[in-house]
Amino acid sequence: MKAWLCENPIGPEALQWRELPTPQPQPGEVRIAVRAASLNFPDLLVVQNKYQVKPPLPFVPGAEFSGTVDALGEGVSHLKVGDPVAAIGVAGGFATHACVNASQVMPLPAGFDLEDGAAFAFTYGTSHHALIDRGQLKAGETVLVLGAAGGVGTAAVQIAKAAGARVIAGVSSEEKAQLCRQIGADETLNYATENIRERLKELTAGKGPDVVYDAVGGDLAEPVFRSIAWRGRYLVIGFAGGGIPALPWNLALLKGASVVGVFWGDFVRREPKANAKALAELAGWYAQGKVKPVIDTRLPMSALMDAYARMGTRQVKGKLLLVNE
């Protein structure tokens, strides 16, 4: 097999595309012939030694991928060789083959495109857990999605619409705003050129958004939190903007608002049945055409460095996909 190997987690530049022994699945594992893997923000953090979970060295990065089962470990009976699957873990996907625990594998139903499968569970699972579970989103409420043109952002826009909400897409360019309107956003807010608080007042008749989905953090957090509706829920997804904000706690008091942490990875580990139910609902929405991954760029697996460079431009719209042809 070939794989991108991380022996020294100082950044993507230290990764090497190497030929390695093809692994054999251990009891409870399956081996997947990888068709595609997507590049997510945690895949950058993990090779910089900055992610919450640190795999033992050396490791192959790539937390989200799809392919077909090509070998079964002892005790695995619910899957068979040839099954199309998606896998979610901390590492392993940036390769031609990967062994993963069978519990981390999602069988893909008939009609589910394999490449879409590599761009689905992580972003849609995160956004469903955030909006539907942690945010308790109700039909008719207004959601503001920050970073709405990114991987988790485009998923959040589609999921909020599927749940019957009104969606304001927060973006940093008109090009990104156009994409968000195409996938269902009702309104857009360009925080690079518009006054956030004034625009939110205008779009919500002074009420503010009921739910804020924030995968950006940084300087956006405080003006947005000041604009949140009474009993609003501010969902903390991540900090792609670079900075971890420090909010004045009196704002939560004055708004009767909640700051809600969203850690999908630990939710999967701690509540596997709830996660399986959420993924089943998402697969149903995919079959109905309510949700579909937005693919920004499709590259060969050997071009992972180009994908990391593209991510660094902050111009990605949707997901970056690495494919084994």
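Preceding this section is the structure that the text describes.
Remember, it's a predicted structure, so these values are computed and weren't measured experimentally.

A look at helix 5 (residues 174–182)
- If you check which residues of helix 5 are buried, you get Lys-176, Ala-177, Leu-179 and Cys-180. Within helix 5, the buried residues cover an arc of 160° as seen down the axis, which keeps them to one side.
- Where helix 5 is buried, its residues touch helix 4 (151–162), strand 9 (166–171) and strand 10 (187–190).
- Positive phi shows up at Gly-184, right after helix 5, with a value of about 120°.

Things to note about the side chain of Thr-188
- Within the fold, Thr-188 resides in strand 10.
- Within the local environment of Thr-188, its side chain forms a polar contact with the side chain of Arg-181, the two groups lying 3.0 Å apart.
- The residues contacting Thr-188, other than those within four sequence positions of it, are Ile-168, Ala-169, Ala-177, Arg-181, Glu-194, Arg-199 and Leu-203.

Comments concerning helix 11 (residues 304–312)
- Buried residues of helix 11: Leu-304, Ala-307, Tyr-308 and Met-311, and no others. The arc that holds the buried residues of helix 11, viewed along the axis, is 100°, so those residues lie on one side.
- Looking one or two residues past helix 11, Arg-314 carries a phi angle of roughly 60°, positive in sign.

With respect to the pairing of strand 6 (residues 97–101)
- Residue alternation in strand 6 divides its side chains into a buried set, Ala-98 and Val-100, and an unburied set, His-97, Cys-99 and Asn-101.
- The sheet contact formed by strand 3 (residues 29–39) and strand 6 spans 5 bridges and is antiparallel. Each residue of the ladder has a partner; that of Ile-32, found in strand 6, is Ala-98.

Looking at the packing of aromatic side chains
- Summed over the entire model, instances satisfying the criterion amount to 7 aromatic pairs.
- On the numbers, 5.1 Å between centres and 85° between planes, the contact of Phe-112 with Phe-120 is edge-to-face. Across this residue pair, the class does not change: Phe-112 and Phe-120 are buried.
- Judged by centre distance (5.9 Å) and plane angle (80°), the rings of Phe-120 and Tyr-286 are edge-to-face. One end of the pair, Phe-120, is in the loop between helix 2 (114–117) and helix 3 (121–134); the other, Tyr-286, is in helix 10 (residues 272–287), and 166 residues separate them in sequence.
- Among the residues examined, Tyr-286 registers a relative accessible area of 12% and is labelled buried.
- A connected cluster of aromatic rings, assembled from ring pairs, spans Phe-112, Phe-120, Tyr-124 and Tyr-286.

Details of the nonpolar core
- In this structure, Phe-120, Leu-131, Val-143, Val-145, Tyr-213 and Leu-235 are the most contacted members of the largest nonpolar core, which totals 47 residues.
- No other element matches the 6 residues that helix 4 contributes to this core.
- Among residues more than four places away in sequence, those in contact with Leu-131 are Gln-136, Leu-137, Val-143, Ala-156, Ile-159, Ala-160, Val-211, Tyr-213 and Leu-235.
- Judged by nonpolar contacts, the second largest core, of 35 residues, contains Tyr-51, Ala-87, Phe-94 and Ala-102.

Some words on the sheet that holds strand 12 (residues 233–236)
- If you walk across this open sheet you meet the 6 strands as 10-9-8-11-12-13, and the pairing is parallel. Whereas interior strands pair on both sides, the edge strands pair on one side only; in this sheet they are strand 10 and strand 13 (258–261). Ignoring strand direction, the axes of neighbouring strands in this sheet form an average angle of 20°.
- In terms of strand pairing, strand 12 meets strand 13 through 4 bridges, oriented parallel. The residue of strand 13 that forms the bridge with Arg-233 is Ser-258.
- Sheet strands in contact with helix 3 are strand 8 (142–146), strand 11 (211–214), strand 12 and strand 13, and its direction is about 155° off that of strand 11.

Conventions and cut-offs
- Residues numbered from 1 in each chain as written.
- Predicted model: local features only at pLDDT ≥ 70, side-chain atom pairs only at ≥ 80, totals over all residues.
- Heavy atoms only, no water.
- Buried < 20%, exposed > 50% of the residue type's maximum accessible area, 1.4 Å probe, protein only.
- Helix = DSSP H or I, 4+ residues; strand = E, 2+ residues; numbered from the N terminus.
- Arc of directions from axis to C-beta.
- Contact = heavy atoms within 4.5 Å.
- Polar contact = N/O pair within 3.5 Å; in protein donor to acceptor, adjacent residues only side chain to side chain.
- Pairing = 2+ DSSP bridges.
- Phe/Tyr/Trp six-rings, centres within 6.5 Å; stacked < 30°, edge-to-face > 60°.
- Core = buried A, V, L, I, M, F, W, Y, C linked by side-chain atoms within 4.5 Å.
- Axes fitted to C-alpha atoms, helices over the stretch in contact; angles between N-to-C directions.

Read these as layout, nothing more, since geometry by itself doesn't imply function.
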